[in-house]
Amino acid sequence: MAKKQLVRTLGLSQILMLGIGGTMGAGVFVLTGHAAGMVGPAVILVFLLAGLISLPNSLSYAELASSFPVAGGGYAYISKATKGLLPFSVGWVSWFSNMFYAALSAVGAAYSLKIFLPGLPVPLTAVSLIALFVVISLRGSEEAGRTQVILAGVLLTSLAAFVILGLVLSGGFSWAKFYEGGGFFIHEGWLENMARIFQAITLINVLFAGYEVIATTAEEAKAPGRNIPIAIAGTIFICTVVYCAVAFVALGVVPVSVMSTSSTPLADAASCFLGGWGAPLLGLAGIIATLTSLNAALLSAARVSLALSRDGYLPAFLSRVHPRLKTPLPAILLSGTLIALAAVSGDAVFLSYVSNFGFLYLIFFTNVSVILLRRKFPDHQRPFRTPWYPVTPILGCLCTIVVEVFTELHALIAGIGLIGVGLLVYQLRRPVGKAVEAAVQTVEAARREILVPVANPLTAESLIKMASILGQAREESTLVALSVVKIPAATPLELAQEVLDRQGNGRKALLKRVASYAHQQGVPVRTLQRAVRDISSGILGVAEARGGLGLILMGWHGQLSMQRVTGSVVKDVVHGAKCDVAVLHDRGVEDIKRVLVPVGSGPHTRLALRLARDIVRAVDGSLTTLRILPQADEVDMEVEMDVLRQLVEDELGEIPEGTILSLKRSDSLAQSILAESAQRTDKMGYDLTVIGASEEWFLRELLFGSVPDRIADGAPCSVLLVRKYEPSSVSWVRRMAKRVRGWQGSLQERDKR
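Numbering of residues begins from 1 in every chain and follows the order in which that chain's sequence is written. Given that this is a predicted model, residues contribute local features only at a pLDDT of at least 70 and side-chain atom pairs are listed and counted only at 80 or more, while totals for whole chains, interfaces and linings are drawn from all residues. Remark: hydrogens and water are excluded; side-chain values derive from all non-hydrogen atoms of the structure.

Undergrad: Can you tell me about the packing of aromatic side chains, naming the residues and giving the values?
TA: Side-chain rings of Phe, Tyr and Trp (the six-membered ring for Trp) are treated as a pair once their centres are within 6.5 Å; stacked means planes under 30 degrees apart, edge-to-face means over 60, and tilted covers the remaining angles. Across all of its chains, the model carries 18 aromatic pairs by this definition. Their ring planes at 70 degrees and their centres at 5.6 Å tell us that tryptophan 175 and phenylalanine 248 sit as a pair that is edge-to-face. With tryptophan 175 in helix H8 (residues 175-178) and phenylalanine 248 in helix H11 (residues 224-251), this residue pair connects regions lying 73 residues apart in the sequence. Ring plane angle 85 degrees and centroid distance 5.1 Å describe the contact between phenylalanine 364 and phenylalanine 365, whose orientation is recorded as edge-to-face. Classification of phenylalanine 364 as partly exposed rests on a relative accessible area of 23%. Numbering of helices and strands starts at the N terminus; helices are DSSP runs of H or I of at least 4 residues and strands are runs of E of at least 2. Type-normalised accessible area, obtained with a 1.4 Å probe on protein chains alone, sets the label of each residue: buried when under 20%, exposed when over 50%, and partly exposed for intermediate values.

Undergrad: Please give an account of the pairing of strand S5 (residues 580-585) that cites residues and values.
TA: For S5, the tally of buried residues reaches six of six residues, placing the bulk of the element in the interior. The alternating pattern of S5 places Asp580, Ala582 and Leu584 and Val581, Val583 and His585 on opposite faces, both of which are buried. When DSSP finds two or more bridges between two strands, those strands count as paired. In terms of strand pairing, strand S4 (residues 549-556) meets S5 through six bridges, oriented parallel. Considered in S5, the bridge of leucine 553 is made with alanine 582. Across five bridges, the pairing between S5 and strand S10 (residues 718-723) is antiparallel. Along S10, the bridge assignment pairs alanine 582 with valine 722.

Undergrad: Describe the packing of helix H3 (residues 43-67) against helix H17 (residues 391-405), listing the residues and the values that go with them.
TA: Relative orientation of the contacting elements H3 and H17 amounts to 130 degrees, with a least axis distance of 8 Å. Between H3 and H17, the interaxial angle falls into the category oblique. Classified by chirality, the crossing of H17 by H3 is left-handed. Residues Ile53, Pro56, Asn57, Leu59 and Ser60 of H3 touch H17, and the partners they reach there are Thr392, Pro393, Gly396, Cys399, Thr400 and Val403. Residue polarity follows a fixed list, in which Ala, Val, Leu, Ile, Met, Phe, Trp, Tyr, Cys and Pro are nonpolar, Asp, Glu, Lys and Arg are charged, and the others, Gly among them, are polar. Here the contact of H3 with H17 is composed, by residue class, of six nonpolar, five polar and no charged. Note on definitions: angles span 0 to 180 degrees between N-to-C directions of axes, and those axes are lines fitted to C-alpha atoms, for helices only across the stretch in contact. These descriptions rest on fixed angle ranges, namely under 35 degrees for roughly parallel, over 145 for roughly antiparallel, 65 to 115 for roughly perpendicular, and the rest for oblique. Crossing handedness is defined as follows: a turn of the near helix away from the far one that is anticlockwise and smaller than a right angle gives a left-handed crossing, while the clockwise case is right-handed. Note on contacts: a residue pair is in contact if any heavy atoms of the two residues lie within 4.5 Å.

Undergrad: Talk me through helix H26 (residues 637-652); I want residue IDs and the actual numbers.
TA: A helix is expected to reach a length of 1.5 Å times the quantity of its residues less one. Across its 16 residues, H26 extends 22 Å between first and last C-alpha, which sits within 8% of the 22 Å expected from 1.5 Å per residue. Among the residues of H26, those classed as buried are Val639, Glu640, Met641, Val643, Leu644, Gln646, Val648, Glu649, Glu651 and Leu652. Glycine 653 sits one or two residues past H26 and shows a positive phi near 90 degrees.

Undergrad: Describe the sheet that holds strand S1 (residues 449-453), and please don't skip the residues or the numbers.
TA: Strand order across the open sheet formed by ten strands is S3-S2-S1-S4-S5-S10-S9-S6-S7-S8, with mixed pairing between neighbours. Looking at which strands have only one partner, the edges of the open sheet turn out to be strand S3 (525-532) and strand S8 (660-665). Averaged over all pairs of adjacent strands, the angle between their axes in this sheet comes to 25 degrees, without regard to strand direction. Bridge analysis of strand S7 (residues 622-629) against S8 gives six bridges, and the strand direction is parallel. Note on S8: the bridge partner recorded for threonine 625 is leucine 661.

Undergrad: Which residues make up a nonpolar patch on the surface, and what values do they have?
TA: Any residue with relative accessible area above 30% and no salt bridge may belong to a patch, with like charges joined within 9 Å and the nonpolar Val, Leu, Ile, Met, Phe, Trp and Tyr side chains within 5 Å. In short, Shrake-Rupley with a 1.4 Å probe defines the accessible areas, and a residue's cover is counted only from the protein chains shown. Whenever Lys or Arg places a side-chain nitrogen within 4 Å of a carboxyl oxygen from Asp or Glu, that contact is recorded as a salt bridge. On the surface, Ile164, Leu165, Leu167, Val168 and Leu169 cluster together into a nonpolar patch covering about 430 Å² of accessible area. Residue isoleucine 164 is classed as exposed on the basis of its relative accessible area of 51%.

Undergrad: Pulling in residues and values, what's your account of the confidence of the model for the chain?
TA: As a per-residue measure, pLDDT tells how confident the predictor is, with possible values from 0 to 100. Mean pLDDT over the chain: 81, with 90% of residues reaching 70 or higher. Confidence over residues 743-753 falls short of pLDDT 50; this stretch has zero contacts with residues more than four positions distant or in other chains.

Undergrad: I'd like a description of the pairing of S1, backed by residues and values.
TA: Of all five residues in S1, five are buried; the element is thus mostly enclosed. Across five bridges, S1 lies against strand S2 (residues 478-486) in parallel orientation. Across the sheet, glutamate 449 pairs through a bridge with threonine 478, a residue of S2. Looking at chain direction, S1 and S4 are connected through three bridges and run parallel. Bridge assignment links leucine 451 to a residue of S4, and that residue is isoleucine 552.

Undergrad: How would you sum up the nonpolar core? Please name residues and give values.
TA: Buried together is how nonpolar side chains tend to be arranged in soluble globular proteins. As used in this record, nonpolar core signifies buried Ala, Val, Leu, Ile, Met, Phe, Trp, Tyr and Cys residues forming a set joined through side-chain atoms within 4.5 Å. The biggest cluster of nonpolar side chains holds 144 residues, and the ones touching the most others in it are Met24, Phe29, Phe47, Tyr77, Trp95, Phe162 and Ile204. Ranked by residues supplied to this core, first place goes to helix H5 (residues 85-113) with 17 residues. If sequence neighbours within four positions are ignored, tyrosine 77 has contacts with Tyr61, Leu64, Ala65, Phe68, Ala215, Thr366, Ser369 and Leu373. Core analysis: the next-biggest nonpolar cluster, separate from the first, contains 47 residues, Leu553, Ala612, Ile615 and Leu688 among them.

Undergrad: Explain the side chain of asparagine 367 residue by residue, including any values.
TA: Counting through the fold element by element, asparagine 367 comes out in helix H16 (residues 348-376). Residue classification places asparagine 367 among the buried residues on the basis of a relative accessible area of 0%. Apart from the residues lying within four places of it in its own chain, the contact partners of asparagine 367 are Pro56, Asn57, Ser60, Pro393, Gly396, Cys397 and Thr400.

Undergrad: Kindly report on helix H20 (residues 493-502), identifying the contributing residues and their values.
TA: Of all the residues in H20, the buried ones are Ala496, Gln497 and Leu500. Buried residues along H20 cover an arc of 100 degrees about the axis, so they all sit on one side. Seen from the buried face of H20, the exposed residues on the opposite side, beyond 90 degrees, are Glu494 and Arg502. The inward-facing, buried residues of H20 abut S2, helix H21 (506-520) and S3. When we speak of the arc, we mean the arc of directions from the helix axis to the C-beta atoms.

Undergrad: Which residues make up the environment of isoleucine 552, and what values go with them?
TA: Inspection of the secondary structure puts isoleucine 552 in strand S4. Here isoleucine 552 falls in the buried class, since its relative accessible area comes to 0%. Spatially, the C-alpha atom of isoleucine 552 lies 9.4 Å from that of isoleucine 539, the residues being 13 residues apart in sequence.

Undergrad: Summarise the pattern of salt bridges; cite the residues concerned and give the values.
TA: Applying the stated rule across the entire model yields nine salt bridges. A salt bridge links arginine 526 to glutamate 449, with the nearest nitrogen and oxygen atoms 2.8 Å apart. Here arginine 526 is found in strand S3, whereas its partner glutamate 449 is found in strand S1, with 77 residues between them in sequence. For arginine 526, a relative accessible area of 42% corresponds to the partly exposed category.

Undergrad: Just give me the short version of the packing of H5 against helix H6 (residues 122-138), but keep the residues and values in it.
TA: Packing of H5 against H6 brings their axes to within 8 Å, and their N-to-C directions diverge by 120 degrees. By the criterion of interaxial angle, the relationship of H5 to H6 is oblique. At the point where H5 passes H6, the crossing takes the right-handed sense. Across from Ala106, Val107, Ala109, Ala110, Tyr111 and Leu113 in H5, the residues of H6 making contact are Val122, Thr125, Ala126, Leu129 and Ile130. Considered class by class, the residues forming the contact of H5 with H6 number ten nonpolar, one polar and no charged.

Below, the structure written as structure tokens:
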């Protein structure tokens, strides 16, 4: 299956705001107080040193992200440089680091909301915010980028106002409060102060990792060679200046002893010089800040899992890109769920340490990747080259090691544990995958029987031909030809069965003829003759008794009128069978070469695709998939073709060679399908149409629904109508969901008018 590429929708301002929003947020509003409590006014030096330490790392990212603009960030670069366990461990840690940072941001926003609603439960609030931004991310990177520009713009404006007003208003900055702890350094001895400073750098270093967010979304960046280096450099510079200025003002307003114990230190500071408005305004800014981080980290986490899936380290479904939204929908949903689980703890400090450990691990190997990729691809075009190579990436590695040494012990243990879990996943993924595949194959093999009730000699021959074609395509399939005989109530069934088994009759002759044809085609076949009280219940009883049954294939002769369908044996079986059902409306199946499949949505269409693929494979024919779009709606035909292509790929694994994907626009679904089925190309028309049931198949007067029934009646070729089995509760929920989407669409159309 071809890789689905993301669309380049993010401009320079959006990339820059993603970096700033991913960097700033929980840091200023949640961790500034903790860091100040560790080192006092020297927290300003902490922010400066952290910015300087990040500089060589950011230069490495600028080179790699502009030279290899693909989703995945640091993981993508190390996986280009080398293969195997190392790139997987980097990607695994990167994924979880982004998710922990997103959880940290959600928790920070929840704490900020407590300013307005003191009784608000932090875990529940954090999970609700995560759900909101999952929805935003699902709507597309352009939507997420637009949201980020607005949020980060408001954030920067709010922090600038905090700094300016804190310096000029009464009750604001004073040197006395700034040095209340006894001086710039609050600990005894130079070594003690430096040790605490590096511990504080470890705590807040995650606040300078926004360039990783930029790198992970590089596949969606416009002009990546120019915009990514500018955005990365701009992120580091702007965030360092803002952090230092905010910390400087806050420490001059609120004593260190108060800041270190407050979960909302900046709001406390603002209330000193803005009065009653201070805490709510900074609380609102804090919410916006942490939401920008949540938005960016969620976006980044989903892209890392997408890259891991593309490389085969995570399940393949995570690499699916929604054809309309152009977003990795499964990756976003899974990442959002794991972020919500992490946020339930509500421990901001622990989440910060663990996410920081992961980012440092990732950044270290990104610097290594610069050196490896320079050697591996010396002639690769690099719009931006790291200056002072190889000193810069080596310096970045050394700085990362120094910071990691001062990480708290429990965070180191958690980080190493995360790597250990990743190594376990890496070692088990192949054996577990093989075991799952074997289990699936075992289940499929156990449901390889095709039950073919035969009674009418006019339809029996075509039925067994179609069943043989399906049997040839499905390895280890067995046909079960069934003849049921209705017995009067006065005759014991046991006695009637003995007579049927012992004596020859026309039904037995028909079964023998059917079996002989199947044997000639090389398909295993069994014959059954059953005495029953009712034909429909007899077929359903045999089907239920045979645990290996995968499909019932029946025939229909003549018109599909409501009078004939209602109460018919075929309708009873379609309605009551707890397995897949197919009904052949025969107009000749002697030489099937061209097969048409109208494609909609839902399980019945997917079954139709699989059966059509099996038929084409067995007869060495060609497959045409047809999707009908409403004439009145404004649609992007290129996008809709992607929708059709992905639907076929998702169901069949790959698009069979020679398959034609066709889109038509019409307000009449049935007429368009009939018109297509009647077309002649090179004097050849379609030999078979395979169509899935509509949502009306459960109605007693319709066999498979109004449109499928009309196609079966009007098509010039044979038609195979199919119904996928699903439990009634699942079917009801799916129909209700489809109805709700229909109502939403109607409301949107009415609003437009």
